[in-house]
Amino acid sequence: MYPVLFVSLGPGDPELITVKGLKALQAADSIFCPETMNKNSATSPVTSRAAAILHRLEIEAKCIIRFDIPMSRQRDKALSAYDSLYAEILKQHADGKKICVAAEGDAGFYASIHYVYERLRKRGIPVEHIAGVPAFIAAGARAGIHLVSRTETLTVLPGTATAGEVTRCIEREGAVVIMKLSKCAQNMHELIRLHPEYDYHYFENVGTADDVYLKCPDQILSRPFPYFSMLIVRRSENTDKEQAINTFSQ
């Protein structure tokens, strides 16, 4: 029996997929990828960023099977969708199919598809996670910044982050990544207003045609935060240089 491969697609740019991930997709009989309802578009009521990446990788359309994942704070409907996906994977695996499950970014980093991964593993179905480029790594490259250096720490926070949490992490000599800003927009606005001395790097849709990168706090504050947005916060390089000079002078 073939293992079920959970393939990381990267953040959006199809060229950021690994060679191993691409080979797995090209050899698959079935590739499951998520889609969501797009309430803000009459022309494209259903969207799938994962499917768009697969098409740009020239994966055969007949192999791609899209499954709907409701975007809601209530997880019951999403878990029901994953239950259906799990059942279909079991069926196809029993038929000897080569199966891939596609996930944006890295399949093991803030990817809800782990629910299916764990159920398959507990069932005794062989599974494999093919690593990929998470969005915040691609964002750092997009901005041309070093996320961390020397003895600095990096903290990644979900959309539940508060201004206080981020501040504490920054003061511990580190950089902070906040994912899914739509869930904590008010808290991040508070952070920017309280700490104008920090460096802010704001991103939307990294690696896609809709890519946005902003550094100006006023521009960040004036923008609504969509689901696929993130913020990288660091101490200002100017502040670090001043502290180093003062320490040396003493």
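Computed from a predicted structure; not experimentally measured.

Following both chains from N to C, one finds helix α3 (residues 76–94) and helix α4 (residues 114–123) inclined at 40°, their axes separated by 10 Å at the closest point. Relative to α4, α3 is oriented oblique. In this structure, α3 meets α4 at a crossing whose hand is right-handed. On α4, the residues touching Leu79, Tyr82, Asp83, Leu85, Tyr86, Ile89 and Leu90 of α3 are Tyr115, Val116, Arg119, Leu120 and Arg123. Tallied by class, residues from the contact of α3 with α4 come to nine nonpolar, no polar and three charged.

A few words now on the pattern of salt bridges. For the coordinates displayed, the defined rule picks out 11 salt bridges. Note that Arg119 and Asp83 form a salt bridge whose closest N and O atoms lie 2.7 Å from each other. Residue Arg119 is found in helix α4, and its partner Asp83 is found in helix α3; the two are separated by 36 residues along the sequence. The exposure class assigned to Arg119 is partly exposed, which follows from its relative accessible area of 29%. The class of Asp83 is partly exposed, set by a relative accessible area of 32%. For the salt bridge of Arg235 with Glu171, the shortest nitrogen-to-oxygen distance reads 3.6 Å. Pair noted here: Arg235 is in strand β11 (residues 229–235) and Glu171 is in helix α6 (residues 163–171), with a separation of 64 residues, a long-range link. Owing to a relative accessible area of 12%, Arg235 belongs among the buried residues under this scheme. What makes Glu171 partly exposed here is its relative accessible area of 43%.

As summarised here, the arrangement of the five strands in space is β7-β8-β11-β9-β10, forming an open sheet in which the pairing is mixed. Bordering the open sheet on either side are β7 (153–157) and β10 (212–214), each of which pairs with just one other strand. The average angle at which neighbouring strand axes cross in this sheet is 15°, direction not considered. Bridge analysis of strand β8 (residues 174–179) against β11 gives four bridges, and the strand direction is antiparallel. Bridge pairing in β11 links Ile178 to Leu231. Docked against the sheet, helix α5 (residues 135–143) engages β7, β8, β9 (198–204), β10 and β11, running at close to 60° with respect to β11. Across the sheet, α6 is in contact with β7, β8, β9 and β11; its angle to β8 comes to roughly 155°.

Of all five residues making up strand β5 (residues 99–103), five are buried, and the element is well covered by its neighbours. Neither face of β5 is open: one carries Ile99, Val101 and Ala103, the other Cys100 and Ala102, and all of them are buried. The pairing of strand β1 (residues 4–8) with β5 spans four bridges and is parallel. Across the sheet, residue Val7 finds its bridge partner in β5, namely Ala102. As paired strands, strand β2 (residues 30–37) and β5 are joined by three bridges and run parallel to one another. Of the residues in β5, the one forming a bridge with Ile31 is Cys100.

The phi dihedral of Glu58 is positive, around 60°, even though this residue is not glycine. Along the chain, Glu58 falls in the loop between α2 (49–56) and β4 (64–68). The exposure class assigned to Glu58 is exposed, which follows from its relative accessible area of 71%. The phi torsion at Arg150 lies on the positive side, around 50°, for a residue other than glycine. In this structure, Arg150 sits in the loop between α5 and β7.

Criteria and thresholds
- Chains are numbered independently. Their residues run from 1 in the order of the written sequence.
- Owing to the predicted nature of the model, reporting of local features is limited to residues with pLDDT of at least 70; listing and counting of side-chain atom pairs is limited to 80 or more, with chain, interface and lining totals taken over all residues.
- With hydrogens and water set aside, each side-chain value is computed from the structure's full complement of heavy atoms.
- Note on geometry: axes are C-alpha line fits, over the in-contact stretch for helices, and angles between N-to-C directions span 0 to 180 degrees.
- A run of DSSP states H or I qualifies as a helix once it reaches four residues; a run of E qualifies as a strand once it reaches two. Both are numbered from the N-terminal end.
- With respect to orientation, any angle under 35 degrees is reported as roughly parallel, any angle over 145 as roughly antiparallel, any angle of 65 to 115 as roughly perpendicular, and every other angle as oblique.
- Each helix crossing is assigned a hand: it is left-handed if the near helix lies turned anticlockwise from the far helix by less than a right angle, otherwise right-handed if that turn is clockwise.
- By the convention used here, residues are in contact when the closest approach between their heavy atoms is within 4.5 Å.
- Charged residues are taken to be Asp, Glu, Lys and Arg, nonpolar residues to be Ala, Val, Leu, Ile, Met, Phe, Trp, Tyr, Cys and Pro, and polar residues to be all remaining types, Gly included.
- Salt bridges, as used here, are contacts in which a Lys or Arg side-chain nitrogen is within 4 Å of a carboxyl oxygen on Asp or Glu.
- Only protein chains enter the accessibility calculation, which uses a 1.4 Å probe; a residue is then buried when its area is under 20% of its type maximum, exposed when over 50%, and partly exposed in between.
- In this analysis, strands are considered paired if DSSP registers two or more bridges between them.

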